[in-house]
Amino acid sequence: MIQTYRVRYSLKPSGQHQTGADVITADFQTELDGIPGLLPQGAYIMYVEDLTADRAVHWTRWPKSYRPGFGA
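Bear in mind the structure is a predicted one, so any value in this text is a computation, not a measurement.

### With respect to the environment of Asp-50
- Positionally, Asp-50 belongs in strand β3 (residues 44-50).
- Judged by its relative accessible area of 4%, Asp-50 is buried.
- Along the chain, Asp-50 and Val-7 lie 43 residues apart, while their C-alpha atoms are 8.9 Å from each other.
- The residues contacting Asp-50, other than those within four sequence positions of it, are Gln-3, Thr-4, Tyr-5, Arg-55 and Val-57.
- A distance of 2.9 Å separates the side chain of Asp-50 from the side chain of Gln-3, its partner in a polar contact.

Given below as structure tokens:
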């Protein structure tokens with residue numbers, strides 16, 4: 001069964017001030033590891049929600065390259 005995820009992300013680098021207009025929310029039907037390939041290049045993921053399970057996805061389960069602090 002393919003999961004549905006709601007992803008909140010921004011195209012501004014994480015160090016810059018975010019406003020409501022800078023944040024995009026989109027729903028994707030994919031595996032969790034497939035999310036990065038569906039986002040624009042350079043997207044900074046802020047939140048992932050599993051709509052199928054009706055709960056937030058803890059950042060430790062995000063694709064490794066998109067986890068906070070990766071490569072820092």
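### A closer look at the sheet that holds strand β4 (residues 55-56)
- Taken together, four strands build an open sheet; the order of strands is β2-β1-β3-β4 and the sheet is antiparallel. Of all strands in the sheet, those with a lone pairing partner are β2 (23-29) and β4, marking the two edges.

Conventions and cut-offs
- The written sequence of each chain sets the order in which its residues are numbered from 1.
- Under the rules for a predicted model, residues below a pLDDT of 70 receive no local features and side-chain atom pairs below 80 are neither given nor counted, while totals for whole chains, interfaces and linings still include all residues.
- The basis for the side-chain values is all heavy atoms of the structure; hydrogens and waters are excluded.
- The numbering of helices and of strands both runs from the N terminus, where a helix is a DSSP run of H or I of at least 4 residues and a strand a run of E of at least 2.
- Only protein chains enter the accessibility calculation, which uses a 1.4 Å probe; a residue is then buried when its area is under 20% of its type maximum, exposed when over 50%, and partly exposed in between.
- Contact criterion: two residues are considered in contact whenever any of their non-hydrogen atoms come within 4.5 Å of each other.
- Under this definition, polar contacts are N or O atom pairs within 3.5 Å; protein pairs additionally need one hydrogen-donor-capable and one acceptor-capable atom, and for neighbouring residues in sequence, both atoms have to be side-chain atoms.
- Between any two strands, pairing holds if DSSP finds at least two bridges.

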